[in-house]
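Close look at the chain arrangement
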Amino acid sequence: MTHTRRDFLQLSVAAAGISAIGMPAYAQNAGQDLVIAYNTGVPSWDPTTGPSGVNPKLQALYLSVFDRFIQQEADLSFKPGLLTEWGFTDDNKKVRMVVREGVKWHDGSPFTAEDIAWSLQRAADPKTGNPGQFVWKNLTNFKVDGNVVTADVVQFEPTIFKWMAFLTGYVLPKAYFEKVGPEGFEKAPIGTGPYKIDAYERGAYVRLVANKDYWGGKPAYDVVTIKFVPDAASRVAEIESGNAQVTMEIPYEEFDRLKQKPGLKGEAFPISDIAMIFLNDVGPMLDKNVRLAAHHAIDKQLIIDRLLRGYGVPLSTLEAPEYDAFDPNLKFEYNPEKAKQLLAASGFSPEKPVKFTIQTTRGFKPKDYEMIQAIVGMWRRVGIEANIEIYEIAKHFELRGADQLAPAAFYNWGNAIGDPTTSTGHSMFGPSPHSVWDSPDLIEKIGPLWAEPDEAKRIQGWKDVSAYIMENGYVIPLLQYVLPVIHSDKVVVPAAATGDVTAASMKPA
């Protein structure tokens, strides 16, 4: 099975730099209406195209308005969405999907199986700019018979139904979209989701009103205003002043302070995002001793305790505990003495250190820069001298796509569907635009797993790959993030391992 870089999902990040300036008085909190201070805005209302489609932080906003083909529970399990049944035929050459009946679009028009077929065809068309086209292109020749949609399989993709509950896996309205076009849809988007868009000001806010006809049941709040507040200190001010009832992604020290205040509560739960250090197969990283030493020298638990106030889960592989291919038997020890021995075997020491650059964002995630500072300090003690280079997240994507990252580069990887292909797979398979490690041995081990039809064999294969990567030091997994959410004690905010804390999931206490 051959893949090229362009076959894979090209992640990007939407531009930030937006604020809550311009919020009209009527969008402020009123009675039982809900106001959320969110850490990013919506650059585009088409959840299936461009960089917005693969920005994990936008999915909670999109899920308020649109439905995916298949829904995902907070614990990463799957349940019926606009599809009530789905699966491959026994020979894996066709798919069959049963479409939910009785659903309406926000404009009152009926949702039909034609919308499912059209949405999947559009997703597979490279001209529409769907970043997940490499997955969707594997279905063709759609046929609609009542509420049943069938399609031929171009190439077996074992995760395609998981993608229907993941990035770009949204259903859009065929008739309405064809009538108004992409620009018209951007101005007046409609979905089948729990909320309808009532007002929107780019860079400032979106006001949502409950979809009383929602097939999943009317949401608890009639009106929800989501303010776009990218600055963490401003989000803290929003919640502390009472101008918002919910916010998240704030510094952990502020989380600990605010959750003690009368009228406020805090929830902190592990999500599917992990912190990692990409290693590029250039310069010093071609030396296995250097790679393994760099990993052995990092005290991950200390970083979690000191910098993240205990909010985090140390990891040894790129599979978090909730992921399908997590193997609790794979453990990489913190051992600075072993790190020194490995470096000494390659002629390095604290007096004669190996030198390289590590790249990192600063402020994109809580304590990202401070974590790298701490790691560089740990490295220095064993014989590694690393120079820190700060860049914006968009620059990281650009360099990673061009395979030009520094020998080491810090990043935060999201994998809400928990499949190994979308964690270890895309980040470590050389031909993927997300990978910078290109050694033939790893490409050979990963290649056959992409289309493995035996699910048990596929998952075990990924566990074996994780063990091989760990033994060879091809990447440095650090920790699983814990999401801090502060909210009014009059609001219930349930945990979501996906990281998608949606307005529809909230209810009055």
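This structure is a prediction, so every number in the text was calculated from the model and none was measured.

Topic: the overall build of the protein
- When its secondary structure is counted, the protein shows 15 helices and 19 strands.
- By the compact-globule yardstick of 23 Å for 509 residues, the protein fits well, its C-alpha radius of gyration being 23 Å.
- Structurally, the protein occupies a C-alpha span of about 70 × 60 × 35 Å along its principal axes.
- Counting the 509 residues in the protein, one finds 57% classified as buried.

Here we look at the packing of aromatic side chains
- This structure, assessed with the given rule, holds 28 aromatic pairs.
- Summarising the aromatic geometry, the rings of F69 and W136 are spaced 6.2 Å apart at their centres and angled 45 degrees between planes, so their arrangement reads as tilted. Remark: W136 occurs in helix α3 (residues 133-136) and F69 occurs in the loop between α1 (59-65) and β2 (70-72); sequence separation between them is 67 residues.
- According to the relative accessible area criterion, W136 is buried, its value standing at 2%.
- Pairing F88 with F161 gives two aromatic rings, centres 5.2 Å apart and planes at 70 degrees, and the pair type is edge-to-face. With F88 in strand β4 (residues 83-88) and F161 in helix α4 (residues 160-163), this pair connects stretches of sequence that are 73 residues apart.

A few points about the pairing of strand β1 (residues 34-38)
- In terms of residue burial, β1 counts as a mostly covered element, since five of its five residues are buried.
- With five bridges connecting them, β1 and strand β10 (residues 223-228) associate as parallel partners. Opposite Y38, over in β10, you have F228 as the bridge partner.
- Of the pairings in the sheet, the one linking β1 to strand β11 (residues 246-248) comprises two bridges and is parallel in character. Of the residues in β11, the one forming a bridge with A37 is T247.

Concerning the packing of helix α8 (residues 288-296) against helix α15 (residues 455-472)
- Running from amino to carboxyl end, α8 crosses α15 at an angle of 100 degrees, the nearest separation of the two axes being 8 Å. Put simply, α8 runs roughly perpendicular to α15. Touching K288, R291 and L292 of α8 are M470, E471 and N472, all from α15.
- Among the residues forming the contact of α8 with α15, the class breakdown is two nonpolar, one polar and three charged.

Observations concerning the side chain of E249
- Following the sequence through the fold, E249 ends up in the loop between β11 and α7 (252-258).
- The contacts of E249, once residues within four sequence positions are left out, are N39, K57, A232, R235, K365, P366, L483 and P484.

Things to note about the pattern of salt bridges
- In total, this model carries 26 salt bridges according to the counting rule given.
- As a salt-bridge pair, E178 and K174 come within 3.5 Å of each other at their nearest N and O atoms. With E178 and K174 both in helix α5 (residues 174-187) and four residues apart, the pair spans about one turn of that helix.
- The partner of K365 in a salt bridge is E249, with the nearest N and O atoms 3.6 Å apart.

Here's the deal with unusual backbone geometry
- For E249, which is not glycine, the phi torsion reads 55 degrees and is therefore positive.
- Positive phi outside glycine occurs at R309, with the angle close to 55 degrees.
- Take R309: it is sitting in the loop between α9 (300-307) and β13 (313-314).
- Accessibility expressed as a relative area gives 43% for R309, which makes it partly exposed.

Section: the nonpolar core
- Ranked by internal contacts, the top residues of the largest apolar core, which has 150 residues, are I116, M164, I277 and W379.
- Those residues in contact with M164 that sit more than four places away from it in its chain are R68, F69, I70, L83, M97, L120, W136, L139 and G169.

Some thoughts on the UniProt feature "domain: Solute-binding protein family" (unreviewed entry) in the protein
- UniProt's entry tags residues 78-424 with the feature "domain: Solute-binding protein family" (unreviewed entry), counted in the numbering of this structure.
- For the annotated span residues 78-424, helix accounts for 30% and strand for 26% of the residues, and the straight-line distance between the end C-alpha atoms is 21 Å.

Points about α8
- Burial of α8 is extensive: seven of the nine residues sit out of reach of the surface.
- Among the residues making up α8, those that are buried are V290, R291, L292, A293, A294, H295 and H296.
- Of the residues flanking the start of α8, the one acting as N-cap is D287, its side-chain oxygen 2.8 Å from the backbone nitrogen of N289.

Some remarks on the environment of Y176
- For Y176, the position within the fold is in helix α5.
- Once the C-alpha coordinates of Y176 and I277 are considered, the two residues, 101 residues apart in sequence, prove to be 44 Å apart.
- Contact partners of Y176, with chain neighbours within four places excluded, come to D107, G184, F185, A188 and I190.
- Within the local environment of Y176, its side chain forms a polar contact with the backbone oxygen of A188, the two atoms lying 2.6 Å apart.

Topic: helix α12 (residues 393-401)
- Turning to α12, its buried residues number three or more, namely I393, H396, F397, L399 and R400.
- Packing partners of the buried residues in α12 comprise β12 (264-279), β14 (354-360) and β16 (408-414).
- The positive-phi residue at the C-terminal boundary of α12 is D403, with phi of around 55 degrees.

Description of the packing of α8 against helix α10 (residues 336-345)
- The interhelical angle for the contact between α8 and α10, taken along N-to-C directions, is 165 degrees, at an axis separation of 8 Å. Here α8 is positioned roughly antiparallel relative to α10, judged by the angle of their axes. Crossing of α8 over α10 shows left-handed handedness. Taking contact as the criterion, the partners of N289, V290, L292, A293 and H296 in α8 are, on α10, P336, K338, A339, L342, L343 and A345.
- Looking at the contact of α8 with α10 residue by residue, the class counts come to eight nonpolar, two polar and one charged.

The rules behind the values
- Residues numbered from 1 in each chain as written.
- Predicted model: local features only at pLDDT ≥ 70, side-chain atom pairs only at ≥ 80, totals over all residues.
- Heavy atoms only, no water.
- Helix = DSSP H or I, 4+ residues; strand = E, 2+ residues; numbered from the N terminus.
- Rg over C-alpha atoms; globule rule 2.2 N^0.38 Å.
- Buried < 20%, exposed > 50% of the residue type's maximum accessible area, 1.4 Å probe, protein only.
- Phe/Tyr/Trp six-rings, centres within 6.5 Å; stacked < 30°, edge-to-face > 60°.
- Pairing = 2+ DSSP bridges.
- Axes fitted to C-alpha atoms, helices over the stretch in contact; angles between N-to-C directions.
- Parallel < 35°, antiparallel > 145°, perpendicular 65-115°, else oblique.
- Contact = heavy atoms within 4.5 Å.
- Nonpolar A, V, L, I, M, F, W, Y, C, P; charged D, E, K, R; others polar.
- Salt bridge = Lys/Arg side-chain N within 4 Å of Asp/Glu carboxyl O.
- Core = buried A, V, L, I, M, F, W, Y, C linked by side-chain atoms within 4.5 Å.
- UniProt positions renumbered as here; feature names shortened; annotations may be inferred.
- Polar contact = N/O pair within 3.5 Å; in protein donor to acceptor, adjacent residues only side chain to side chain.
- Left-handed = near helix turned anticlockwise from the far one by under 90°.

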